[in-house]
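Listed below, chain by chain, are the residues.
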Amino acid sequence: MKKHVFNAGPCILPQVALDKAIEAIKDFKGTGVSVLCISHRTKEWEATMEETRQLWKELLNIPEDYEVLFLGGGASLEFLMIPVNFLEKKAAYLQTGVWAKKAAKEAKAYGEVVIVASSEDKNYTYIPKDFSVPQNADYFHITSNNTIYGTEIKEDKDYGVPVICDMSSDILSRPVDVSKYEMIYAGAQKNAGPAGVTVVIVKKSALGKVSRYIPTMLDYRTHLDKGSMFNTPPVFPILVMNETLKWLKSIGGVEAMQKINKQKADMLYAEIDRNTMFVGTAEKDSRSNMNVCFVMAPGKEEFEAEFMEFAKEKGMVGVKGHRSVGGFRASIYNACTVEDVQALINCMKEFEAIHQ
């Protein structure tokens, strides 16, 4: 039976990227050495690093004054590195979910943190709209997509201060005006590759402005100066990322991907809104195109476990909601196909028919 993968992360990856990665495990670029054993100081690997960097720049049309870094530690390490590198006195944070809250927590050790707005009052089911950002803030931090709750900020806005954005779960899903941000960061394991590497797109001229001492490994300038190879980089995750970016470029880049992603999301939300067994959890004007969250309709709660088992029997993988909220979640990242989404819709329709 074909499996339809809706995992929130690590995510489904393009088959061509997986196939190329398997080849590289056997023999990396004709060296006769597996990529798992290759020295990161070889010319073949350095060429792959540079190609991956250039693919990011091309796909997101990254301006000249920005650089792309490949770091370890996940986005959670960036929660710490951001205030260490950018927070002198005050930072502003938009609290739209668990990860945004954790990011703000790390910053509080380095200066004043202002939570300009929070959607915690309604269990993070919406994106706050009416708020003001202190214009004396060193930066304003936002989380563009919230995997647990299925909400997303889909526009690149000016806020009057430098903006730093966690795009871990929607990067590469749409065109981005990088110039609107001082820094963008993303764990690769949603749209860009496997777990193990974090992408940082940072404005070079913004670095080195704080007065504090920055430990070597936490200083973005360290990794900028050494081409992301101050220490051994996560070689294999970067290789898979490289192949994923080449796949994305081959299908028309982020512009083409945005259209496909909207089609998938529109299809699935339409079925949730139509189906008498289910109801969406995120407010409609805040709905994510990446993580579609839903629960059993009122009065149908008793069927939750039954639907989970039914979906599993139909080949659906990863549709169980996050443990903190329950229900269901279909993560429809870039490599999830229209056919995968249609299979889930058919599963939901069949389940409804059984219970009518």
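Structural data are supplied above this passage.
Rules used in this analysis
Residues numbered from 1 in each chain as written. Predicted model: local features only at pLDDT ≥ 70, side-chain atom pairs only at ≥ 80, totals over all residues. Heavy atoms only, no water. Buried < 20%, exposed > 50% of the residue type's maximum accessible area, 1.4 Å probe, protein only. Helix = DSSP H or I, 4+ residues; strand = E, 2+ residues; numbered from the N terminus. Arc of directions from axis to C-beta. Contact = heavy atoms within 4.5 Å. Axes fitted to C-alpha atoms, helices over the stretch in contact; angles between N-to-C directions. Parallel < 35°, antiparallel > 145°, perpendicular 65-115°, else oblique. Left-handed = near helix turned anticlockwise from the far one by under 90°. Nonpolar A, V, L, I, M, F, W, Y, C, P; charged D, E, K, R; others polar. Salt bridge = Lys/Arg side-chain N within 4 Å of Asp/Glu carboxyl O. Core = buried A, V, L, I, M, F, W, Y, C linked by side-chain atoms within 4.5 Å. Pairing = 2+ DSSP bridges. Phe/Tyr/Trp six-rings, centres within 6.5 Å; stacked < 30°, edge-to-face > 60°. Lys NZ or Arg CZ within 6 Å of the ring centre and 35° of its normal.

Enquirer: Lay out helix H4 (residues 98-107) in plain terms, naming residues and giving numbers.
Expert: The set of residues buried in H4 consists of Ala100, Ala103, Ala104 and Ala107. Along H4, the residues classed as buried sweep out an arc of 95° about the axis, all on the same side. Each element contacted by the buried residues of H4 is listed here: helix H3 (74-86), strand E3 (90-95), strand E4 (112-118) and strand E5 (139-143).

Enquirer: Break down the packing of helix H8 (residues 304-313) against helix H9 (residues 338-354) for me, with residues and values.
Expert: Contact geometry of H8 with H9 gives a least axis separation of 10 Å together with a crossing angle of 130°. Considering the angle they form, H8 stands oblique to H9. The crossing of H8 and H9 is right-handed. From H8, Glu306, Phe307, Phe310 and Ala311 reach across to H9, where they touch Cys347, Met348, Glu350, Phe351 and Ile354. Each residue belonging to the contact of H8 with H9 can be placed in one class, and the counts come to seven nonpolar, no polar and two charged.

Enquirer: I'd like to hear about the pattern of salt bridges, residue by residue, with values.
Expert: Using the criterion set out here, one finds 20 salt bridges in the structure. For the salt bridge of arginine 221 with aspartate 219, the shortest nitrogen-to-oxygen distance reads 2.8 Å. For arginine 221, a relative accessible area of 33% translates into the label partly exposed. Of the charged contacts, one joins lysine 284 and aspartate 273 as a salt bridge, the two residues approaching to 3.8 Å between their closest N and O atoms. A residue pair is termed long-range when its members are at least 10 positions apart, and lysine 284 in the loop between strand E11 (278-280) and strand E12 (291-296) and aspartate 273 in helix H7 (residues 253-274) qualify at eleven residues. Look at the salt bridges and you will find they share partners, linking Glu50, Arg53, Lys57 and Glu67 into a network.

Enquirer: With reference to specific residues and values, describe the nonpolar core.
Expert: Soluble globular proteins: nonpolar side chains tend toward being buried together. With 52 residues, the main nonpolar core has Trp56, Leu60 and Ile201 as its most contacted residues. With seven residues, the top contributor of residues to this core is helix H6 (residues 235-250). Each residue touching tryptophan 56, except ones within four places of it in the same chain, is listed here: Asn61, Ile62, Val68, Phe70, Ile171, Leu172, Ala192, Val199, Ile201, Met241 and Leu245. Membership of the second largest hydrophobic core comes to 29 residues, among which are Leu268, Phe328, Val338 and Cys347.

Enquirer: Tell me about the environment of glutamate 88, and please be specific about residues and values.
Expert: Along the polypeptide, glutamate 88 turns up in the loop between H3 and E3. Sequence-wise, glutamate 88 and arginine 212 are 124 residues apart; in three dimensions their C-alpha atoms are separated by 8.1 Å. Look past the residues within four positions of glutamate 88 in its chain and what remains in contact with it is Tyr110, Asp138, Lys209, Val210 and Ser211.

Enquirer: Tell me about the sheet that holds strand E2 (residues 66-71), and please be specific about residues and values.
Expert: Taking strand neighbours across the sheet as the criterion, the seven strands line up as E2-E10-E9-E8-E5-E3-E4 in an open arrangement whose pairing is mixed. Edge strands, defined here as strands with exactly one partner in the open sheet, are E2 and E4. Going across the sheet, the axis of each strand differs from the next one's by a mean of 15°, ignoring polarity. Bridge count for strand E9 (residues 183-187) against strand E10 (residues 198-203) is five bridges, and the pairing is antiparallel. Note that in E10 the partner of isoleucine 184 across the bridge is isoleucine 201. Docked against the sheet, H3 engages E2, E3, E5, strand E8 (163-166), E9 and E10, running at close to 160° with respect to E9.

Enquirer: Can you tell me about the pairing of E12, naming the residues and giving the values?
Expert: In terms of residue burial, E12 counts as a mostly covered element, since five of its six residues are buried. In terms of strand pairing, E12 meets strand E14 (residues 328-331) through four bridges, oriented antiparallel. Looking at the pairing, phenylalanine 294 lines up with phenylalanine 328 of E14.

Enquirer: Account for the packing of aromatic side chains, with residues named and values stated.
Expert: Taken as a whole and assessed by the stated rule, the structure comprises 17 aromatic pairs. With 5.4 Å between their ring centres and 50° between their planes, phenylalanine 310 and phenylalanine 351 make a pair best called tilted. Here phenylalanine 310 is found in helix H8, whereas its partner phenylalanine 351 is found in helix H9, with 41 residues between them in sequence. Among the residues examined, phenylalanine 351 registers a relative accessible area of 1% and is labelled buried. Seen from the ring of tyrosine 126, lysine 122 lies directly overhead, with NZ or CZ sitting 5.8 Å from the centre.

Enquirer: Tell me what's going on with the sheet that holds E14, and back it up with residues and numbers.
Expert: The strand order across the open sheet built from three strands is E11-E12-E14, with neighbouring strands paired in antiparallel fashion. Since the sheet does not close on itself, it has two edges, and those belong to E11 and E14, each with one partner. With direction set aside, neighbouring strand axes in the sheet form an average angle of 35°. Taken strand by strand, H7 contacts E11, E12 and E14, and its axis lies near 15° from that of E12.

The quantities given are spatial measurements derived from coordinates; they are silent on function.
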